[in-house]
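Below are the chains, spelled out letter by letter.
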Amino acid sequence: AGMESSGDASRAVADWRLAVWTLCSVLLPVLITAWCSFQRSRRQLLIRDIFRKSKHDWRYTDLFGQPSYCCVCAQHILRGAFCGCCGLRVSERCLKKADQRFLCKEIMMRGTGGAPSSMPHHWIRGNVPLCSCCMVCKQQCGTQPKLCDYRCVWCQYTVHDECMVDCLRTEDCTFGEFKDLIIPPYYLSIINQMRKEKRTSYEKVVPYCRKHWMPVIVLANTRSGNNMGETLLGEFKMLLNPVQVFDLSKIAPAKALQLCTLLPCNTVRVLVCGGDGTVGWVLDAIDEMKIKGQERYIPQVAILPLGTGNDLSNTLGWGAGYAGEVPVEQILRNVMEADGIKLDRWKVQVTNRGYYNLRKPKVFTMNNYFSVGPDALMALNFHAHREKTPSLFSSRIINKAVYFFYGTKDCLVQECKDLNKKVELELDGERIKLPNLEGIIVLNIGYWGGGCRLWEGMGDEPYPLARHDDGLLEVVGVHGSFHCAQIQVKLANPVRLGQAHTVRLILKSSKMPMQVDGEPWAQGPCTVTITHKTHALMLYHSGEQTDDDASSLSE
């Protein structure tokens with residue numbers, strides 16, 4: 001009996017030991033995971049706190065795109081933080097030290113008691129761009145696998161460690177290749193002092209800068225098309241003064257363009273990074289400047305196409321879409337070399353029939369085109385789909401695929417048939433007899449529908465010259481979605497209805513889809529009147545011009 005009781009006790013002890021070890025084997029990984037998770041969240045909170053308080057534009061990355069070395073400990077790093085303005089790269093554990101030790105680009109020089117007319121180089125060590133050359137010995141920099149060599153954050157010049165001498169540390173910075181586009185920090189210091197003294201003669205400050213100074217303001221929409229805006233913001237901040245670069249998802253164009261009033265008259269150039277809708281938003285803000293009496297500060301506008309259609313950009317020679325194939329440096333060179341032209345802007349007034357005294361007419365500003373019919377229906381369906389699931393529409397290819405789907409659907413359903421029986425069209429007061437049509441399109445620019453030269457069609461028939469600065473609109477008709485597709489691949493011509501200074505369209509019955517510059521809506525019986533509103537000052541890039549472009553733009 002004693003032996004049996006001792007055996008039971010030993011089995012119980014063994015069972016307890018097994019239970020304890022099982023519990024430990026389960027709890028220990030859970031506790032380690034919880035502790036690691038707590039430490040990670042604590043570390044992330046500390047990093048976010050540093051990011052929030054820092055003067056650097058810190059961004060975190062899980063993997064650097066090229067071999068990188070920490071600017072504090074000089075160790076090779078795969079992930080960490082980098083500054084989007086000055087280019088510093090640092091590991092997580094050295095982030096606080098780097099933030100305290102190194103200065104970022106100064107958008108405005110600190111007061112020195114006088115009126116500075118120059119500033120020294122701002123050197124940072126290591127992680128120089130690939131294939132850069134030393135400004136002293138002209139040999140390649142950054143070839144050694146370690147933290148080595150220097151780069152100036154303003155002029156982008158690079159120098160070997162052994163070529164760096166004391167005179168270079170104190171030498172005045174020339175601002176490099178893009179000196180005519182950069183707003184120097186010392187210029188803003190002088191302007192700030194003049195504003196305190198209530199002086200506004202900013203033209204007198206120009207000699208402190210350059211003879212052919214044409215400062216550029218970059219306005220980027222990070223939500224446009226292929227979501228490249230965020231990357232471009234950082235690259236432009238690296239090459240320019242960060243005060244010149246604005247994110248339109250955080251600040252409205254009207255507020256950003258007030259920087260023009262601190263710069264000499266008729267010198268500023270604006271680069272809009274976004275789709276045609278973003279360009280229209282910026283041009284509306286420029287019109288507001290005219291209303292405020294700031295007409296002498298009106299800038300010229302260039303476009304970097306990030307949207308889906310980009311027809312205005314295509315018309316002005318900036319291409320049908322940007323996907324990172326051209327370096328940012330070349331984009332800035334194109335802006336410097338571009339020629340100034342004018343773009344007609346039109347007022348579209350939509351007055352509902354039967355409510356003249358009760359409802360105010362809807363008023364739009366048109367830069368590209370107005371349409372009623374199948375292409376407006378495709379745009380309306382696309383926008384309704386995007387409103388429901390915006391996360392799906394992050395790619396230009398997906399956007400065009402959805403347009404293709406709705407265009408194919410309309411070929412079968414023909415929701416806009418017999419349009420000619422539902423509308424009346426007047427060009428400069430003259431009634432136009434309409435053939436059997438499904439859509440009417442009023443054009444201000446050469447391109448339509450994501451790259452199609454609609455007015456020219458196949459190019460095998462004589463037609464009046466179309467321009468975007470002659471005060472004339474081109475009016476065409478289409479037989480349906482399939483006819484639109486044929487025109488896009490140059491297998492058919494549009495129905496050319498004429499050119500006019502004023503267009504009037506009366507929708508007599510039913511509800512039809514309409515659009516102005518890609519912004520669609522469903523419209524009941526109404527009268528649409530299109531009249532000239534104003535001119536916009538644009539920049540034309542001739543680098544991507546084709547023979548067709550040259551013929552339509554030549555006088």
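Here is what the cut-offs are and how they apply
Position numbers for residues start from 1 in each chain and track the written sequence from start to end. Whole-chain, interface and lining totals are the exception, using all residues; otherwise, since this is a predicted model, local features are given only for residues with pLDDT of at least 70 and side-chain atom pairs are given and counted only at 80 or more. Hydrogens and water are ignored here; the side-chain numbers use all heavy atoms of the structure. UniProt positions are given in the numbering used here, feature names are shortened, and annotations may be inferred rather than shown by experiment. Each helix is a run of H or I in the DSSP string that is no shorter than four residues. Each strand is a run of E no shorter than two, and both are numbered from the N terminus. For the exposure calls, accessible area comes from a 1.4 Å probe over protein chains only, and a residue counts as buried if that area is under 20% of its type's maximum, exposed if over 50%, partly exposed in between. For this analysis, residues touch if any pair of their heavy atoms sits within 4.5 Å. Shrake-Rupley sampling with a 1.4 Å probe provides the accessible areas, and residues are treated as covered by the protein chains on show and by no other component. The salt bridge definition used is simple: a Lys or Arg side-chain nitrogen within 4 Å of an Asp or Glu carboxyl oxygen. Buried and open spaces are told apart on a 1 Å grid over the protein atoms alone, a cavity being a set of points where a 1.4 Å probe fits but cannot get out and a pocket being an open set with protein on both sides within 12 Å along at least five of seven lines. Residues with an atom within 4 Å of a point are the lining residues. Grid points are joined across faces, edges and corners, and a volume is the space filled by probe spheres set on the points. Residues are grouped as follows: nonpolar covers Ala, Val, Leu, Ile, Met, Phe, Trp, Tyr, Cys and Pro; charged covers Asp, Glu, Lys and Arg; every other residue, Gly included, is treated as polar. By construction, the arc corresponds to the directions joining the helix axis to the C-beta atoms. Strands qualify as paired when DSSP identifies two bridges or more between them. Every angle, taken between N-to-C directions, lies between 0 and 180 degrees, and every axis is a line fitted to C-alpha atoms, over only the stretch in contact when it is a helix. Pairs of cysteine sulfur atoms within 2.5 Å are what we label disulfides. Nonpolar side chains (Val, Leu, Ile, Met, Phe, Trp, Tyr) are joined into patches within 5 Å and like charges within 9 Å, using only residues with over 30% relative accessible area and no salt bridge.

Under an unreviewed UniProt entry, the name given to the chain is Diacylglycerol kinase, and the source organism is Rhagologus leucostigma. Taken from UniProt, the Sequence similarities (unreviewed entry) comment for the chain reads in full: "Belongs to the eukaryotic diacylglycerol kinase family."

Asker: Tell me about the overall build of the chain, and please be specific about residues and values.
Answerer: When helices and strands are tallied, the chain shows 14 helices and 24 strands. A buried classification covers 49% of the 555 residues belonging to the chain. Residue pairs at least 24 apart in sequence account for 69% of intrachain contacts in the chain once pairs closer than 6 positions are excluded. A total accessible area of about 27,900 Å² is found for the chain, and carbon and sulfur atoms account for 55% of it.

Asker: Got a sec to walk through the pattern of salt bridges? Specific residues and values, please.
Answerer: Across all of its chains, the model carries 14 salt bridges by this definition. Among the salt bridges present, the one from Arg-52 reaches Asp-49, with a minimum N-O distance of 2.6 Å. With Arg-52 and Asp-49 both in helix 1 (residues 2-53) and three residues apart, the pair spans about one turn of that helix. On the basis of relative accessible area, Asp-49 is assigned to the partly exposed category, the value being 27%. Measuring nitrogen to oxygen at the nearest pair gives 3.7 Å for the salt bridge that ties Asp-287 to Lys-290.

Asker: Outline the layout of surface pockets, listing residues and values.
Answerer: There is about 1,000 Å³ of room inside the second largest pocket. Contributing to the lining of the second largest pocket are 41 residues, with Pro-129, Glu-235, Met-238, Leu-239 and Glu-329 lying nearest its centre. Elements with a minimum of two residues in the lining of the second largest pocket: strand 1 (58-61), strand 4 (80-83), helix 5 (229-239) and helix 9 (328-337). Looking at the lining of the second largest pocket element by element, the count peaks at six residues for helix 5. In terms of residue class, the lining of the second largest pocket is made up of 21 nonpolar, 13 polar and seven charged.

Asker: Which residues make up helix 9, and what are the values?
Answerer: Taken together, the buried positions of helix 9 are Val-328, Ile-331, Leu-332, Asn-334 and Val-335. The buried residues of helix 9 occupy one face: seen down the axis, they fall within an arc of 155 degrees.

Asker: Talk me through the pairing of strand 13 (residues 339-352); I want residue IDs and the actual numbers.
Answerer: By the bridge criterion, 14 bridges tie strand 13 to strand 24 (residues 526-540) in an arrangement that is antiparallel. Bridging from a neighbouring strand, Arg-345 pairs with Thr-534 of strand 24. Of the strand pairs in this sheet, strand 13 and strand 14 (residues 362-366) are connected by five bridges, and their pairing is antiparallel. When the bridges of strand 14 are listed, Val-348 appears paired with Phe-364.

Asker: Quick rundown of unusual backbone geometry? Include the residues and the values.
Answerer: Phi at Ala-74 is positive, roughly 65 degrees, even though this residue is not glycine. Within the element layout of this structure, Ala-74 appears in the loop between strand 2 (68-69) and strand 3 (76-77). Phi at Ser-510 is positive, roughly 65 degrees, even though this residue is not glycine. Following the sequence through the fold, Ser-510 ends up in the loop between strand 21 (503-507) and strand 22 (512-516). Residue Ser-510 is classed as partly exposed on the basis of its relative accessible area of 36%.

Asker: Requested: an account of the sheet that holds strand 22, with residues and values cited.
Answerer: Reading across from one edge, 20-19-18-15-22-23 is the order of the six strands in this open sheet, with antiparallel pairing throughout. Two strands close off the open sheet at either side, each with one partner strand: strand 20 (495-500) and strand 23 (519-523). Between one strand axis and the next, the sheet turns by 15 degrees as a mean value, whatever way the strands run. Sheet topology places strand 19 (residues 473-478) next to strand 20; five bridges connect them, and they run antiparallel.

Asker: Talk me through the sheet that holds strand 1; I want residue IDs and the actual numbers.
Answerer: The strand order across the open sheet built from three strands is 1-4-5, with neighbouring strands paired in antiparallel fashion. Each end of this open sheet is capped by a strand with a single partner; those strands are strand 1 and strand 5 (89-90). Pairing analysis gives four bridges linking strand 1 to strand 4, with the strands arranged antiparallel. Each residue of the ladder has a partner; that of Trp-58, found in strand 4, is Cys-83.

Asker: Talk me through helix 13 (residues 481-488); I want residue IDs and the actual numbers.
Answerer: By the burial criterion, the buried members of helix 13 are Ser-481, His-483, Cys-484 and Ile-487. Seen end-on, helix 13 carries its buried residues on one side only, within an arc spanning 160 degrees. Lys-490 sits one or two residues past helix 13 and shows a positive phi near 60 degrees.

Asker: Account for the state of the cysteines, with residues named and values stated.
Answerer: This model, assessed by the stated rule, comprises zero disulfides. Sulfur of Cys-137: no disulfide; nearest cysteine sulfur belongs to Cys-134 and is 3.7 Å away. Relative accessible area serves as the criterion here: at 30%, Cys-137 is assigned to the partly exposed category. Just so you know, Cys-141 is unpaired, no disulfide at all, and the nearest cysteine sulfur is the one on Cys-134, 4.8 Å from it.

Asker: Tell me about a nonpolar patch on the surface, and name the residues and values.
Answerer: The grouping of Leu-23, Leu-27 and Leu-31 at the surface amounts to a nonpolar patch, some 300 Å² of accessible area in total. By relative accessible area, which is 41% here, Leu-27 ends up partly exposed.

Asker: A description of the pairing of strand 19 should follow, citing residues and the corresponding values.
Answerer: Burial runs high along strand 19: six of the six residues are buried. Burial along strand 19 is two-sided: the residues Leu-473, Val-475 and Gly-477 and Glu-474, Val-476 and Val-478 are all buried. The pairing of strand 18 (residues 439-443) with strand 19 spans five bridges and is classified as antiparallel. Bridge pairing in strand 19 links Val-442 to Val-475.

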